[in-house]
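# Examination of the molecular architecture
If you want the building blocks of each chain, they are given just below.
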Amino acid sequence: SYTIRQARQEDIQGLVGAIRTAVEDGTYVVAESVADLIDHEEVLLRHNEVESRIFFVACVDNDVVGWVHIAHPEMEKLRHTAELTLGVLEEYRGHGFGSHLLQRGLEWANSQGYEKIYNSVPSTNENAVEFLKRHDFHEEARRRDHYKIGEEYVDEVMLATFLDCDARL
């Protein structure tokens, strides 16, 4: 059994560790930068004039095994959008953790008035691309050779979903 809840400040080390472990294969560049940022700032939740962010975590026996992160730049023209990162430790994948985390993050984003949620991953992260597409995310764009992972140039796949049923795809 597991619990999904809003992350607390005392979760920071477990969360950073879970993110780093989940993305150690180099196929989730944005999540790597999220781990670096919170590890450096030592603050999970943020709401100021520059940005807002929130985390929800999946915990098994009080250990963080997955997360969803919603970040929002405080810019007038982007106030309807937010960036989502999501991950689950490999040994817990395939049991609904990711789907429940995604649902919780999207519910929160909808309650805050966001209309469009986006995520970008390297094309080599086929599991993430397929997972998001199964959950109503659509590929909006692809940046050719955007990342260099090891010695290989890899496309960035940009995906998004609209929370407002009247929004255009």
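The paragraphs below set out a description of the structure included in this document. (Residues numbered from 1 in each chain as written. Predicted model: local features only at pLDDT ≥ 70, side-chain atom pairs only at ≥ 80, totals over all residues. Heavy atoms only, no water.)

### Brief notes about the pairing of strand β7 (residues 138–149)
The following threshold applies: Strand pairing is assigned whenever DSSP detects at least two bridges linking the two strands. Strands here mean DSSP runs of E at least two residues long; helices mean DSSP runs of H or I at least four residues long; both are numbered from the N terminus.
Relative to strand β8 (residues 152–162), β7 runs antiparallel, the two sharing 8 bridges. Within the sheet, the bridge partner assigned to E139 lies in β8 and is L159. Hairpin connection between β7 and β8: a loop of 2 residues separates the two successive antiparallel strands, and G150 in this loop has a positive phi of roughly 65°.

### Section: the packing of helix α1 (residues 12–22) against helix α2 (residues 29–41)
What counts, and what does not: Axis lines are fitted through C-alpha atoms, for helices just across the contact stretch, and the angle between N-to-C directions can take any value from 0 to 180 degrees. Every angle not falling under 35 degrees, over 145, or within 65 to 115 is termed oblique; those three ranges are roughly parallel, roughly antiparallel and roughly perpendicular. Left-handed describes a crossing in which the near helix is turned anticlockwise from the far one by less than a right angle; the clockwise case is right-handed. Any two residues having at least one pair of non-hydrogen atoms within 4.5 Å are treated as being in contact. Residues are grouped as follows: Ala, Val, Leu, Ile, Met, Phe, Trp, Tyr, Cys and Pro are nonpolar; Asp, Glu, Lys and Arg are charged; every other residue, Gly included, is polar.
At a closest axis distance of 9 Å, the pairing of α1 and α2 adopts a crossing angle of 155°. Here α1 lies roughly antiparallel to α2, going by the angle between them. The two elements α1 and α2 cross, and the hand of that crossing is left-handed. Contacts between α1 and α2 involve I12, Q13, L15, V16, I19 and R20 on the former and, on the latter, A31, V34, A35, D36, I38 and D39. Residue composition of the contact of α1 with α2, grouped by class: 8 nonpolar, 1 polar and 3 charged.

### Notes on the pattern of salt bridges
The condition is simple: A pairing counts as a salt bridge when a side-chain nitrogen of Lys or Arg comes within 4 Å of a carboxyl oxygen of Asp or Glu.
For the structure shown, the criterion picks out 9 salt bridges. Residues participating in the shared-partner salt-bridge network are K133, E139, R142, R144 and D155.

### Let's talk about a negative patch on the surface
Basically, it comes down to this: The patches described consist of residues with a relative accessible area above 30% and no salt bridge, like charges being joined within 9 Å and nonpolar side chains (Val, Leu, Ile, Met, Phe, Trp, Tyr) within 5 Å. Method for areas: the Shrake-Rupley scheme with a 1.4 Å probe, in which residue coverage is limited to the protein chains shown. Neither His nor the chain ends is counted toward charge; the positive residues are Lys and Arg and the negative residues Asp and Glu. Where a charge sits is defined by one atom per residue type, namely NZ (Lys), CZ (Arg), CG (Asp) or CD (Glu). Buried, partly exposed and exposed residues are distinguished by accessible area as a fraction of the type maximum, computed with a 1.4 Å probe on protein chains only: under 20%, between the cut-offs, and over 50%, respectively.
There is a patch of like negative charges on the surface, built from E24, D25, E32, E90 and E91. Of note, D25 is situated in the loop between α1 and α2. Judged by its relative accessible area of 52%, D25 falls in the exposed class.

### Here's the deal with the pairing of strand β5 (residues 81–88)
Rules: Look down the strands so they point away from you; if the path from the first strand over the helix to the second goes clockwise, the crossover is right-handed.
In terms of burial, β5 is a largely internal element, 7 of the 8 residues being buried. Note that β5 and strand β6 (residues 116–122) share 3 bridges and pair parallel. Bridging across to β6, E83 finds its partner in Y118. In this fold, the crossover linking β5 to β6 by way of helix α3 (residues 97–111) has right-handed handedness.

That is the geometry; function is a separate question.
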